[in-house]
Amino acid sequence: MKNKNLIIMTGATSGIGNFIANKLRHDFDLALILRPKKIKTFKKKFISSSNKKKIYFFGFDLSHSNDYSLIKRKIKFKDYKSINLIFCAGTLGRNSKTFDYNDWIQTFNTNIFSHLEIFNQLNQLISKSKLTSKIIFFSGGGAASSFPDFPAYSASKTALVRSIENLSENFSKKKFNIFAVAPGAVETKMLKKVLRITSVGTKSKKGDVYNFISYALKADTSTFHGRLINIKDSIKKINNNKKNNFLKLRRVDEYLFNRDG
């Protein structure tokens, strides 16, 4: 009988991802996709004798293309009634005013290509789960506004949000709720790097981010499908807004047309 819930997750070695994974492991089986060099040290810190849920560990370098078929072979997906993906892994890339091809490739691989690749390789298996799967991508600074100090990061996150909009058109929200989450500026090593260069906007606590993710995993999030959701957005207003373009990337053009009569 299917009575278990599984979360497949990237970015659990540090920052927001690590905080969320530590909270979720008490209620969900976890499949954690980690940097190969970090996996041994991480296991020792993460595994607790009091933890009653199953944890799978996979070592992949997200800055390169990978074959994720090992995940399909190792996990018995048919044992789970709920299977969800949470993509937290990300990299800032270089702080550079000039175009660096290798930096942009590695940044895009980590922030968007790897996650799309994982979803593409697993979506048929996940869609067979009994409950609607939540496919949650972490967005960030630069997706909805310019972030010139880290151009590769900004461009990759913007591309990620548009990709989510496209995916939402291709996959029914009855099977998948696919959406991006903007957590705000959270106290992490990544934020410290950013603050050495520039300032940031709205700040959030790790607990706030976890509370939102916990809610999203349990609630009906069909109105989130294809959208970029800030953790501080009003859920009531999201649920009540029926406009197709609401919380999506669009050109602001209300003052452009018929300006001269």
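Okay, so let's go over this structure.

Conventions we followed
- Residues numbered from 1 in each chain as written.
- Predicted model: local features only at pLDDT ≥ 70, side-chain atom pairs only at ≥ 80, totals over all residues.
- Heavy atoms only, no water.
- Helix = DSSP H or I, 4+ residues; strand = E, 2+ residues; numbered from the N terminus.
- Rg over C-alpha atoms; globule rule 2.2 N^0.38 Å.
- Buried < 20%, exposed > 50% of the residue type's maximum accessible area, 1.4 Å probe, protein only.
- Contact = heavy atoms within 4.5 Å.
- Areas by Shrake-Rupley, 256 points an atom, 1.4 Å probe, with all protein chains shown as cover.
- Lys, Arg positive; Asp, Glu negative; His and termini not counted.
- Charge placed at Lys NZ, Arg CZ, Asp CG, Glu CD.
- Salt bridge = Lys/Arg side-chain N within 4 Å of Asp/Glu carboxyl O.
- Axes fitted to C-alpha atoms, helices over the stretch in contact; angles between N-to-C directions.
- Parallel < 35°, antiparallel > 145°, perpendicular 65-115°, else oblique.
- Left-handed = near helix turned anticlockwise from the far one by under 90°.
- Nonpolar A, V, L, I, M, F, W, Y, C, P; charged D, E, K, R; others polar.
- Patch = residues over 30% accessible without salt bridge, like charges linked within 9 Å, V, L, I, M, F, W, Y side chains within 5 Å.
- Polar contact = N/O pair within 3.5 Å; in protein donor to acceptor, adjacent residues only side chain to side chain.
- Pairing = 2+ DSSP bridges.
- Right-handed = clockwise from strand over helix to strand, strands pointing away.

The secondary structure content of the protein chain amounts to eight helices and nine strands. By the compact-globule yardstick of 18 Å for 261 residues, the protein chain fits well, its C-alpha radius of gyration being 19 Å. The principal-axis extents of the C-alpha atoms in the protein chain amount to approximately 70 × 40 × 30 Å. Counting over 261 residues, the protein chain shows a buried share of 47%. Looking at the protein chain alone, contacts between residues at least 24 apart form 68% of all its contacts between residues at least 6 apart. Carbon and sulfur atoms provide 49% of the accessible area of the protein chain, an area that totals close to 14,300 Å². The centroid of the 48 positive side-chain charges in the protein chain is displaced by 9 Å from the centroid of its 18 negative side-chain charges.

Here we come to the pattern of salt bridges. The tally for this structure, following the rule as stated, stands at five salt bridges. Close ionic contact of Lys78 with Asp79 constitutes a salt bridge, the shortest N to O distance being 3.7 Å. As a salt-bridge pair, Arg94 and Asp100 come within 2.5 Å of each other at their nearest N and O atoms. Residues participating in the shared-partner salt-bridge network are Arg162, Glu165 and Arg250.

Let us now look at the packing of helix H1 (residues 15-24) against helix H7 (residues 206-218). At a closest axis distance of 10 Å, the pairing of H1 and H7 adopts a crossing angle of 55°. As far as their axial angle goes, H7 and H1 are oblique. The chirality of how H1 crosses H7 is right-handed. Between H1 and H7, the residues in contact are Gly15, Ile16, Phe19, Ile20, Lys23 and Leu24 and Lys206, Gly207, Val209, Tyr210, Ile213 and Leu217, respectively. Grouping the amino acids of the contact of H1 with H7 by side-chain chemistry returns eight nonpolar, two polar and two charged.

Take a positive patch on the surface next. Judged by side-chain charge, Lys4, Lys40, Lys43, Lys44, Lys53, Lys54, Lys74 and Lys76 come together as a positively charged surface patch. Of all the elements, helix H2 (residues 39-46) adds the most residues to the positive patch, at three residues. With respect to the element layout, Lys43 can be found in helix H2. Looking at Lys43, the relative accessible area reads 36%, which means it is partly exposed.

This part covers the side chain of Ser133. Mapping Ser133 onto the fold places it in strand E5 (residues 133-138). At 3.2 Å, the side chain of Ser133 and the side chain of Ser129 are in polar contact. In this structure Ser133 touches Ile83, Asn84, Ile126, Lys175, Phe176 and Asn177, once residues within four positions along its chain are discounted.

Let us look at the sheet that holds strand E3 (residues 55-59). Pairing is parallel across the open sheet formed by seven strands, whose spatial order is E3-E2-E1-E4-E5-E6-E9. The sheet is open, and its two borders are formed by E3 and strand E9 (228-230), each paired with just one other strand. Between one strand and the next, the sheet's axes are offset by a mean angle of 20°, whatever the strand orientation. Bridge count between strand E1 (residues 4-10) and strand E4 (residues 80-87): seven bridges; the pairing is parallel. Across the sheet, residue Asn5 finds its bridge partner in E4, namely Ser82. Contacts from H1 reach E1, strand E2 (29-34), E4 and E5, with the element oriented near 165° to E1. Contacts from H7 reach E1, E4, E5, strand E6 (176-182) and E9 within the one sheet, and its direction differs from that of E5 by about 155°.

What follows covers the pairing of E1. Across the seven residues of E1, five count as buried, placing the element largely inside the fold. In this fold, the crossover linking E1 to E2 by way of H1 has right-handed handedness.

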